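# Per-entry structural report
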Amino acid sequence: MKVIHLISGGDSGGAKTHVLSLLQNLNKTITAQLVCFRDGPFAQEAREMGIPTEIMAGNHIFRIRRQLAAYIKDGGYQIIHCHGSRANMIGAMLRKSTGLPVVSTIHSDYRLDYMGRPLSRLTFGTINALALRRLDYRIGVSDAMVDLLISRGFAPDRFYAIYNGIDFTPAPDQGDRLPYLRGLGADVDETCVVVGIAARLNPVKDMTTLIRGFAAACQSCPRLRLVIAGDGAERGKLEALARELGVGRQVTFAGWISGGMDRFYSALDINTLTSLSETFSYALTEGARFHLATISTAVGGIPNLIDTGVNGYLFAPGDWETLGRRLAELGNDDQLRHSMGERLYQKASAQFSIQTTVDTQLHIYGEILRRHGRPKADRDGVVICGAYGRGNAGDDAILEAILQEMRSIDPDMPVTVLSKNPRETRLSYRVRSVSRMNFPGWLGAMKHSRLYINGGGSLIQDVTSRRSLWFYLLNIRAAKRAGCAVQMYGCGIGPVTRGNHRQLSAKVLNRYVDVITLREPDSREELRSMGVTEPEILLTADPALTLRPAGDDVVDSVLLRAGIPPHGRYLCFALRQWPGFSERAPLFGRAARYAYETYGLAPVFVSVEKGPDSAAGRTAAQGLEDIPHYFLDSAGGAGAIIGSLARMEAVVSMRLHALIFAAGQGIPLAGVVYDPKVSAFLRYIGQEVFTDLNALTEENLCAMVDRAAAQAARPEVQAAAVARLQEMEHGNVATARRLLGM
């Protein structure tokens, strides 16, 4: 593989480190040619690192474009990779003339690159923004950078994320730290806990917050010291602030550190970052290499490194009070500081090494070449329609599972999702998305797709809304008439209560659907009773059963953010607002108390749908103030929710997908049935511990808690049933593959 990298040649900081370390290591596997548009320290350092480097200097853009086009053709390069505004502009000009895919790595927010330079922002910033939109692919240096650009209207399915990696080879012993720190001007002794930061002193790094937080921490932890490595226009103001807050002696402004940063980081106890904006800071991984406890603002890709409360602490930009509390906490607890630093090292060295970065970049190149060579077709890809973008974790888990399965068929398959909140769907899943209300948008997508998926859940029902039934039937009809094959995917059917709705549903499904795959047998009986006979009908399982839990560090962080000790003993309640619930809500509270007093299980009220479920949980928890109880209102993605439920010893749920998630992890279940789909699933897995909401009493609810607690010792029966369902679920994707002709 041959890739040509274009860069201005005047870069510094993280972008410089990323490009040079990446190219040095890429050249061990492929040909990665560097072209700079000026000579100087950057190009010289590249040569010293053994990177093949060419200079094409000058201000005549069109001449450079012609020169580069000939150079690329003669060299047989396959990909043009740009870094920075000048390279992006020239890359956009080369795209058509060379016919090669052009990709840009976006190292920072282009709207902030010319902060304080309005003329440069107006000219170079505008040109860069326009050029970026003309390129084929973009790489963000963190998922957060990718999300930022998608939110600005860039195509979500043309993005990749990569993280700055470093060499985690253990550094040699750096010697006694006290002489080094004193040489920087720090007033330290053996008892001091040294806080450090390495950053330029400009507004985006927000050193004001650092100094204010440090001053607050010193009030309860006077042995703290702060060393700031860096310089800039704000130094005088920051020195004055430190004196004003009474910590002038404890704060050292060391200026730029020469001779490498290993000695600096080896001298610290706590590493910090207070930036208002970042992509993914090298300063944190360099600190992690030295096993430093770390506190950082939750910006850019940093939350992908730091699981707050597990291997470090995150705080909101500008929140110096929280920073101060965390600094004091780490300063006063040697064991906590050391354990957090060790856990951060373990994660960073495993996931953010230079080799991981290189492997990711090679994978991106391979995918770009594969996608660029994909034959053009009038029809390609899938349209997926369901109850998405509503903040319901169960429905969004179905979408996540379907997307995974479509990518298992064809990783480059174009996908368009109809969503109530298309912006959120684009950000969460990196797919094209149009509003459910955008009729021209989704009809246009159907005309260019091969398969329409009516995506999971109980969409064909009229209990919650008759308008939603009409909408999904209209979509099915429109998709078929637009030329798509139509699959209803791992779904439930009903209840459809009105006679005219049953007739309409049968008419549409018989005429416009090719295959219906069902998640449980009760839905098959419902279809038969409605007179649906024309489509092929297969019994499979819910797609969400294929999803896996997030890692332990992620789950620990989710629980800690909610104030839940990660390794306690818990009983989950997943409740929802429904007619009759408010009258029976106290029964759940009494059952929660019974479980705590009888089995030592603290209740955790988990929300599957944000908002309504939170209110239901708090209603049920009234009167539990004297016993430990918790609320998990927003765990995040499906993996985090599944991982959180896996920490429970049993689950009492009205929500079907809480039961599905927990069942997939072998957690004992007790169902409260407000809809036949709940009992249908439980019977399908051989689980008979359930009762109707309308028949709920304190006695039968506590009896279900007893049975669920007893089942905790016999997980093999439920696990076997779920394994059978997961195998049956493969019928969903096999059917989609067949309809796609693959």
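Provided above is the structure to which this section pertains.
The structure contained in this document is the topic of the report that follows. (Residues numbered from 1 in each chain as written. Predicted model: local features only at pLDDT ≥ 70, side-chain atom pairs only at ≥ 80, totals over all residues. Heavy atoms only, no water.)

### Section: the sheet that holds strand E13 (residues 313-315)
Adjacent strands of a sheet form backbone hydrogen bonds with each other and so pair up, either parallel or antiparallel. We apply this condition: By the convention used here, strands pair only if DSSP detects at least 2 bridges between them. Put simply, DSSP marks the helices as runs of H or I at least four residues long and the strands as runs of E at least two long, and each gets a number from the N terminus on. To obtain each axis, a line is fitted to C-alpha atoms, and for helices this fit is confined to the stretch in contact; angles are then taken between N-to-C directions over 0 to 180 degrees. Contacts are residue-level and defined by heavy atoms, with any inter-residue pair within 4.5 Å sufficient.
Reading across from one edge, E10-E9-E8-E11-E12-E13 is the order of the 6 strands in this open sheet, with parallel pairing throughout. This sheet does not close on itself; its edge strands, each paired only once, are strand E10 (251-255) and E13. For this sheet the average axis-to-axis angle between neighbouring strands, irrespective of direction, equals 20 degrees. The pairing of strand E11 (residues 270-273) with strand E12 (residues 293-297) spans 4 bridges and is parallel. Of the residues in E12, the one forming a bridge with Thr 272 is Ile 295. Strands in contact with helix H13 (residues 334-351) are strand E8 (193-198), E11, E12 and E13; relative to E12, the strand with the most contacts, it is inclined by about 75 degrees.

### What about unusual backbone geometry?
Put simply, Gly 494 and Pro 495 share a cis peptide bond, and its omega is -5 degrees. Along the polypeptide, Pro 495 turns up in the loop between strand E18 (485-493) and helix H19 (499-512). Positive phi is not limited to glycine here, since Ser 142 has a value of about 135 degrees. You can see Ser 142 is positioned in the loop between strand E6 (137-140) and helix H6 (143-151). With a phi close to 55 degrees, Arg 430 is a non-glycine residue in the positive phi region.

### Describing the packing of helix H12 (residues 320-332) against H13
Under the convention used in this document: Angle categories are assigned with fixed cut-offs, so that under 35 degrees is roughly parallel, over 145 is roughly antiparallel, 65 to 115 is roughly perpendicular, and the rest are oblique. Classes in brief: Ala, Val, Leu, Ile, Met, Phe, Trp, Tyr, Cys and Pro nonpolar; Asp, Glu, Lys and Arg charged; the others, Gly included, polar.
Put simply, H12 and H13 touch, their axes get as near as 5 Å, and they point 105 degrees apart. In terms of axis orientation, H12 runs roughly perpendicular to H13. Each of Glu 329, Leu 330, Gly 331 and Asn 332 in H12 lies in contact with H13, whose residues at this interface are Asp 334, Leu 336, Arg 337 and Met 340. Of the residues that constitute the contact of H12 with H13, the class distribution is 3 nonpolar, 2 polar and 3 charged.

### Some thoughts on the side chain of Thr 517
What counts is decided by this rule: Two N or O atoms form a polar contact when they lie within 3.5 Å of each other; inside protein one atom must be a possible hydrogen donor and the other a possible acceptor, and for residues adjacent in sequence the pair counts only when both atoms belong to side chains.
Position of Thr 517 relative to the elements: it lies in strand E19 (residues 515-518). A polar contact is formed between the side chain of Thr 517 and the backbone nitrogen of Gly 490, at a distance of 2.7 Å. With sequence-adjacent residues up to four places away left out, Thr 517 is seen in contact with Gln 487, Met 488, Tyr 489, Gly 490, Cys 491, Leu 538, Thr 540, Gly 731, Asn 732 and Thr 735.

### Remarks on the pairing of E8
The condition that has to hold: Each residue's exposure class comes from its accessible area (1.4 Å probe, protein chains only) as a fraction of the maximum for that residue type: buried when under 20%, exposed when over 50%, partly exposed otherwise. Orient the strands so they point away from the viewer, and a crossover whose first-strand-to-second-strand path over the helix runs clockwise is right-handed.
Counting buried positions along E8 yields 5 of 6 residues, so the element is predominantly enclosed. Pairing analysis gives 6 bridges linking E8 to strand E9 (residues 224-229), with the strands arranged parallel. What sits directly across from Val 194, in E9, is Arg 225. At this point the chain moves from E8, through helix H8 (residues 207-218), to the parallel E9, and the crossover so formed is right-handed. Relative to E11, E8 runs parallel, the two being bridged by 2 bridges. Opposite Val 195, over in E11, you have Ile 270 as the bridge partner.

### Points about the pairing of E18
Of all 9 residues making up E18, 9 are buried, and the element is well covered by its neighbours. Sheet topology places strand E17 (residues 451-460) next to E18; 7 bridges connect them, and they run parallel. The residue bridging Ile 460 from the neighbouring strand is Ile 493, located in E18. A crossover links E17 with its parallel partner E18, the connecting element being helix H18 (residues 466-481), and its sense is right-handed. Here E18 pairs with E19 via 3 bridges, running parallel.

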